[in-house]
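Coordinate inspection notes
Each chain, written out:
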Amino acid sequence: YPQSEFVDKALFNRAKLLSAAGQPAEAALSFERVRLFSPKSEWAALSLLNAGQSFLDAGDEKRALDVAFNLLESYPTDPLRYEARYLIAQIRLRQQNPALALQELDRIVADRLQDPMSIKAGLLRGRVLYDMGRYQSADSIFHSLVNSSLASDSLAAASLYYGRVLHYRGDYAASNQIIKS
């Protein structure tokens, strides 16, 4: 049906409005409808990703995880699969399972070169390793992120976080150098 593209976009936009209005559970269900009604739509994978994030915002980790895995299974070559893996890592962290979070982050980093998503995953990966007490591994990741040639908000966040870690450890000179660069 030629109108289905407009219906998909309208459903997607309705879900975005519900999310912006602070109704994440309703937004998640609306996002899922796009995928249910039009699984081949250009909006389907993005709708699933947004549904997962909305379920997470609503506190429903199980449904968020199900939706993220559904995206990976239904759209295995879609570029949004990395965002789905990142969402799974966030959920695993909330579930107090950093080892599974690291597995997902490693999959992102292994498949991607220097791009904003790999830097975002690297930042979260470094934080998880640091929280696990694996300081040397975390330092190595932060050091490589800080010295990356790519510019992004996540890279700036990595520099700030690593600078704070160094400052906390009493390495003020290195902290100053990282934050100023």
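Just above sits the structure.
None of the values given here were measured: they were computed from a predicted structure.

**Re the environment of Ala21**
- When you line up the elements, Ala21 lands in the loop between α1 (4–20) and α2 (24–37).
- Residue classification places Ala21 among the exposed positions, given a relative accessible area of 52%.
- Put simply, Ala21 and Pro98 are 77 residues apart on the chain and 32 Å apart in space, counted from C-alpha to C-alpha.

**Considerations on α2**
- An ideal rise of 1.5 Å per residue puts 20 Å on 14 residues; α2 measures up with 20 Å between its terminal C-alpha atoms.
- When we look at burial in α2, the residues that qualify are Pro24, Ala27, Ala28, Ser30, Phe31, Glu32, Val34 and Arg35.

**Quick notes on the pattern of salt bridges**
- In the structure shown here, the tally under the stated rule is 7 salt bridges.
- Across the pair Lys62 and Asp66 runs a salt bridge whose closest N-O atoms are separated by 3.0 Å. Of the two residues, Lys62 and Asp66 are both situated in helix α4 (residues 61–74); the distance of 4 residues between them amounts to about one turn of the helix.
- Overall, Lys62 belongs to the exposed group, its relative accessible area being 57%.
- A salt bridge links Arg107 to Glu104; its shortest N-O distance comes to 2.8 Å. Of this pair, Arg107 and Glu104 both sit in helix α6 (residues 98–111), 3 residues apart, which is roughly one turn of that helix.
- Judged by its relative accessible area of 38%, Arg107 falls in the partly exposed class.
- The network of salt bridges with common partners includes Arg85, Glu104 and Arg107.

**Focus: α4**
- Taking 1.5 Å per residue as the helical rise, α4 with its 14 residues ought to reach 20 Å, and the 20 Å between its terminal C-alpha atoms agrees with that figure.
- Taken together, the buried positions of α4 are occupied by Ala64, Leu65, Val67, Ala68, Leu71 and Leu72. Taken end-on, α4 shows its buried residues confined to a sector of 165 degrees, consistent with a single buried face. Among the exposed residues of α4, those oriented more than 90 degrees off its buried face are Lys62 and Glu73.
- In this structure, the buried residues of α4 make contact with α2, α3 (44–57) and α5 (81–94).

**Notes on the packing of α5 against α6**
- It is the contact of α5 with α6, at a shortest axis distance of 7 Å, that shows an interaxial angle of 160 degrees. Classified by the angle their axes make, α5 and α6 are roughly antiparallel. Once α5 is placed against α6, the crossing between them reads as left-handed. Counted together, Tyr82, Arg85, Tyr86, Ile88, Ala89, Arg92 and Leu93 of α5 and Pro98, Leu100, Ala101, Glu104, Leu105, Arg107, Ile108 and Asp111 of α6 form the full contact between these two elements.

**Some thoughts on the side chain of Glu104**
- Note on Glu104: relative accessible area 5%, which makes it buried.
- For Glu104, the residues in contact, after removing those within four places along its chain, are Arg85, Ile88 and Ala89.

**A look at the packing of α2 against α4**
- As a packed pair, α2 and α4 sit with axes 13 Å apart at the nearest point and diverge in direction by 25 degrees. For the element pair α2 / α4, the angle class is roughly parallel. Crossing handedness for the pair α2 and α4: left-handed. Where α2 approaches α4, its residues Leu29, Glu32 and Arg35 are matched on the opposing element by Arg63, Val67, Asn70 and Ser74.

**Some remarks on unusual backbone geometry**
- With a phi angle near 60 degrees, Gln96 is a residue other than glycine that sits in the positive phi range.
- The topology assignment puts Gln96 in the loop between α5 and α6.
- Gln96 gets classed as exposed once you look at its relative accessible area, which sits at 67%.

**Topic: the packing of aromatic side chains**
- One pass over the full model with this rule turns up 3 aromatic pairs.
- Centre to centre, the rings of Phe12 and Trp43 are 4.9 Å apart; their planes meet at 40 degrees, and the pair counts as tilted. Of this pair, Phe12 sits in helix α1 while Trp43 is found in the loop between α2 and α3, placing the two residues 31 residues apart along the sequence. As far as burial versus exposure is concerned, Phe12 and Trp43 are alike and both buried.
- Of the aromatic side chains, those joined through ring pairs into one cluster are Phe12, Phe31 and Trp43.
- When the ring centre of Tyr86 is taken as origin, the NZ or CZ atom of Lys120, which lies over that ring, is 4.6 Å away.

So, how was this worked out
- Residues numbered from 1 in each chain as written.
- Predicted model: local features only at pLDDT ≥ 70, side-chain atom pairs only at ≥ 80, totals over all residues.
- Heavy atoms only, no water.
- Helix = DSSP H or I, 4+ residues; strand = E, 2+ residues; numbered from the N terminus.
- Buried < 20%, exposed > 50% of the residue type's maximum accessible area, 1.4 Å probe, protein only.
- Expected span 1.5 Å × (residues − 1).
- Salt bridge = Lys/Arg side-chain N within 4 Å of Asp/Glu carboxyl O.
- Arc of directions from axis to C-beta.
- Contact = heavy atoms within 4.5 Å.
- Axes fitted to C-alpha atoms, helices over the stretch in contact; angles between N-to-C directions.
- Parallel < 35°, antiparallel > 145°, perpendicular 65-115°, else oblique.
- Left-handed = near helix turned anticlockwise from the far one by under 90°.
- Phe/Tyr/Trp six-rings, centres within 6.5 Å; stacked < 30°, edge-to-face > 60°.
- Lys NZ or Arg CZ within 6 Å of the ring centre and 35° of its normal.

This is a description of form; function is not addressed.
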